[in-house]
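# Remarks on the overall topology
Residues per chain are reported as follows:
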Protein chains: 2
Amino acid sequence: MSDELARIVDGVATGRSRALGQAITLVESHDQRAVRLLAELYPLTGRARILGITGSPGAGKSTLVAAMAKHYRAQGKRVGIIAVDPTSPFTGGAILGDRIRMTDLYTDRGVFIRSMATRGFLGGLAKATNDVVDIFDAAGFDVVLVETVGVGQDEVEVVRTVQTNLVVLVPGMGDDIQAIKAGIMEIGDVFVVNKADRPGADKTVTEVTMMMSLVEEHGDWIPPIVKTVASKTQGIPDLDAAVVKHHDYLTASGELDRRNRDRVRIRIETQLKESFMERVIGGTITREAYEQLLEDVLRKTTNPHDAAESVLSRVTF
Amino acid sequence: MSDELARIVDGVATGRSRALGQAITLVESHDQRAVRLLAELYPLTGRARILGITGSPGAGKSTLVAAMAKHYRAQGKRVGIIAVDPTSPFTGGAILGDRIRMTDLYTDRGVFIRSMATRGFLGGLAKATNDVVDIFDAAGFDVVLVETVGVGQDEVEVVRTVQTNLVVLVPGMGDDIQAIKAGIMEIGDVFVVNKADRPGADKTVTEVTMMMSLVEEHGDWIPPIVKTVASKTQGIPDLDAAVVKHHDYLTASGELDRRNRDRVRIRIETQLKESFMERVIGGTITREAYEQLLEDVLRKTTNPHDAAESVLSRVTF
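Residues numbered from 1 in each chain as written. Chains lettered and ligands numbered in written order. Predicted model: local features only at pLDDT ≥ 70, side-chain atom pairs only at ≥ 80, totals over all residues.

## Observations concerning the overall build of chain A
In terms of regular secondary structure, chain A is built from 14 helices and 7 strands. Scored against the burial criterion, the 317 residues of chain A give a buried share of 49%. Intrachain contacts of chain A at a sequence separation of at least 6 include 75% that bridge at least 24 residues. (Helix = DSSP H or I, 4+ residues; strand = E, 2+ residues; numbered from the N terminus. Buried ≥ 20, exposed ≤ 12 C-beta atoms within 10 Å, placed from the backbone. Contact = placed C-beta atoms within 7 Å.)

Structure (structure tokens):
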């Protein structure tokens, strides 16, 4: 390990902001040193509470994340925020004035915000998000809030790796919103009806209760529904209580162990595939030969499956 | 190749519905025979027009897909529909009455509809979708319509593999929708303002035009904006004309070749990774030893990176 990397590892371990930023940048830029960094930091992980905040654009997720962050800060906790949603104000995606509400978070040294809005992360968005969660965790952050739009397979992978997932809904968006709800019903550990001062909030609560009865598998946990007005920080203590209760359930039921195991499995397998591809293309087969193979498939003298097999046949398992 | 597989290949090649359904089921259920099937069908592909229909739930994508399918049917073309959006009425996700509008499509033998709403496809949703597109293509379908919500990295992968992507918007959904638009602006080849009989349609067209001016890279293609009322089949000929024009551009500019090349590259690499994992876990390392390795990572006696490397060190490249 180079001196610089040792310095970053040390800096993250002692929670220094600059080292934290450098560590995350290494992960995001897919720097070779990131794997070593993460290996070094791994023993320090396992203490943070990892929460997902999922919902469609316009549900007020970012405002809710900001309100929760402030709530945890008031308890003296350090908070990491990862915005996976490309439309989040945290990622600069929104055209609205929401950014203003987040200003005091940006200047709070106990809060670290990172956007993962860039598409096309090598090895997948879920892996990159996981890595950043680990860095926050190793740096001693008490809570990590992961904001994601929740639709899309990769986002579902992200959600699978959090401990408690909050699904955020809003009242009065009409029938169209039903479709959205249907898609994310299965992934909620806690439901939040945000903007609950709007007309129809109770109707939405009833709808969610009804839709929940249609979901077949819940295990022993029946997801509570919490009403919030995030912009006025209303309902946040109730939401916190629901999150704590869910964490108690996770621990008592052994579900937390299962989720941790899943997370480790995903990480090992992602790393396996990635290192494999690095060694095969440009190693087992030269880049030129690989491009020629692509050409052959395009000209239909072979097919993708046989092309892949011809490469694999040169590897000894 | 088994007799049964040969029969399915033959059935798909001659466009028989039953064989088509069986082939898709093999792909979706990740049956070992699927790889052989796809290899056999591959030489028959390359003729279908592949269109993506992308937009948030509630934009009327399914209704638009239905209207387009009817339009192509009137031209005597055969149409394959793949619904990737879990909230699509095609996938049974919606609670609304939309399904009724699709009824005559379900009874038309020149139309084949398949839902890809199930999450957790092995090897990814983009691969599974690609495979089904190939099956439709090999079966001689003239047009394949892929309906996707367009948010999420895996969905973006799906969009990357279509030839022309239509981004569907609706007027009058308020400021919240701006955020959605911002996220999918870069992926549109043609923009559709659907439900254009609602107030504010022209305002939406203006907004899209303005937002488009903010997108840096367009190449030589400036995406046209088409107004439709899909439920009344209004604007569909205009939309078809825009799609044809885009296809001409793709061909003339060499962009079609580039997209095809991308598609082949994704397919080979997905196949490589998948076959690799099959050979490594349960082969190079026994399942028991692998589970033990997982346990070691969980107990923090090692880390995910070093665990993956220890497996890879037994493979000769």
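Still more ground to cover, so stick around.
## Structural notes on helix H13 (residues 287–298) of chain A
Helix length check: H13(A) (12 residues) gives 17 Å between terminal C-alpha atoms against 16 Å at 1.5 Å per residue, within 8%. Just downstream of H13(A) lies A:Lys300, where phi reads positive at about 65°. (Expected span 1.5 Å × (residues − 1).)

## Considering the pairing of strand E3 (residues 111–115) of chain A
Residue and element names in this part refer to chain A. The element E3 is extensively covered by neighbouring structure, given that 4 of its 5 residues are classed as buried. Direction of pairing for strand E2 (residues 79–83) relative to E3: parallel, over a ladder of 5 bridges. From the neighbouring strand, isoleucine 81 faces E3, where its bridge partner is isoleucine 113. (Pairing = 2+ DSSP bridges.)

## Section: the domain arrangement of chain A
Residue and element names in this part refer to chain A. Domain boundaries assigned for chain A yield domain 1 (1–43) and domain 2 (45–253). Put simply, the parts of the chain that give the side of domain 1 that touches domain 2 at least two residues each are helix H1 (3–13), helix H2 (17–28) and helix H3 (33–41). Sort the elements by how many residues they give to the side of domain 1 that touches domain 2 and H2 lands first, with 6 residues. Partitioned by chemical class, the residues of the side of domain 1 that touches domain 2 number 9 nonpolar, 3 polar and 1 charged. (Domains from an automatic or database assignment. Nonpolar A, V, L, I, M, F, W, Y, C, P; charged D, E, K, R; others polar.)

## A short note on the packing of helix H12 (residues 255–280) of chain A against helix H13 (residues 304–312) of chain B
Packing of H12(A) against H13(B) brings their axes to within 8 Å, and their N-to-C directions diverge by 50°. Taken together, the axes of H12(A) and H13(B) lie oblique to each other. Note that H12(A) runs across H13(B); the crossing there is right-handed. Mapping the contact onto sequence places A:Val264, A:Arg267, A:Ile268, A:Gln271, A:Leu272, A:Ser275 and A:Phe276 in H12(A) and B:Pro304, B:His305, B:Ala307, B:Ala308, B:Glu309, B:Val311 and B:Leu312 in H13(B). (Axes fitted to C-alpha atoms, helices over the stretch in contact; angles between N-to-C directions. Parallel < 35°, antiparallel > 145°, perpendicular 65-115°, else oblique. Left-handed = near helix turned anticlockwise from the far one by under 90°.)

## Details of the sheet that holds strand E1 (residues 49–54) of chain A
Strands in a sheet are paired, the pairing made by backbone hydrogen bonds, and the direction either parallel or antiparallel. All names here are of chain A. The 7 strands are arranged E3-E2-E4-E1-E5-E6-E7 in an open sheet whose pairing can be described as parallel. Bordering the open sheet on either side are E3 and strand E7 (225–227), each of which pairs with just one other strand. Each neighbouring strand pair of the sheet contributes to a mean axis angle of 20°, computed without reference to strand direction. As paired strands, strand E6 (residues 190–193) and E7 are joined by 3 bridges and run parallel to one another. The residue bridging valine 193 from the neighbouring strand is lysine 227, located in E7.

## With respect to the packing of helix H2 (residues 17–28) of chain B against helix H3 (residues 33–41) of chain B
Residue and element names in this part refer to chain B. In the contact formed by H2 and H3, the axes pass within 8 Å of each other and the chain directions differ by 130°. Classified by the angle their axes make, H2 and H3 are oblique. Like other packed secondary-structure pairs, H2 and H3 cross with a definite hand, here left-handed. Facing H2, whose interface residues are Ala23, Leu26 and Val27, H3 presents Arg33, Ala34 and Leu37.

## Considerations on the sheet that holds strand E3 (residues 111–115) of chain B
Residues and elements named next belong to chain B. A sheet is described by the order of its strands in space; here 7 strands give the open sequence E3-E2-E4-E1-E5-E6-E7, paired in parallel fashion. Both outer strands of the open sheet, E3 and strand E7 (225–227), are each paired with one neighbouring strand and no more. Along the sheet, successive strands turn relative to each other by an average axial angle of 20°, direction set aside. Sheet strands in contact with helix H10 (residues 236–253) are strand E1 (49–54), strand E5 (164–169), strand E6 (190–193) and E7, and its direction is about 170° off that of E6.

## Concerning unusual backbone geometry
All names here are of chain A. Look at lysine 195: it is not a glycine, yet its phi comes out positive at around 55°. Within the secondary structure layout, lysine 195 lies in the loop between E6 and helix H10 (201–214). Judged by the 25 C-beta atoms lying within 10 Å of it, lysine 195 falls in the buried class.

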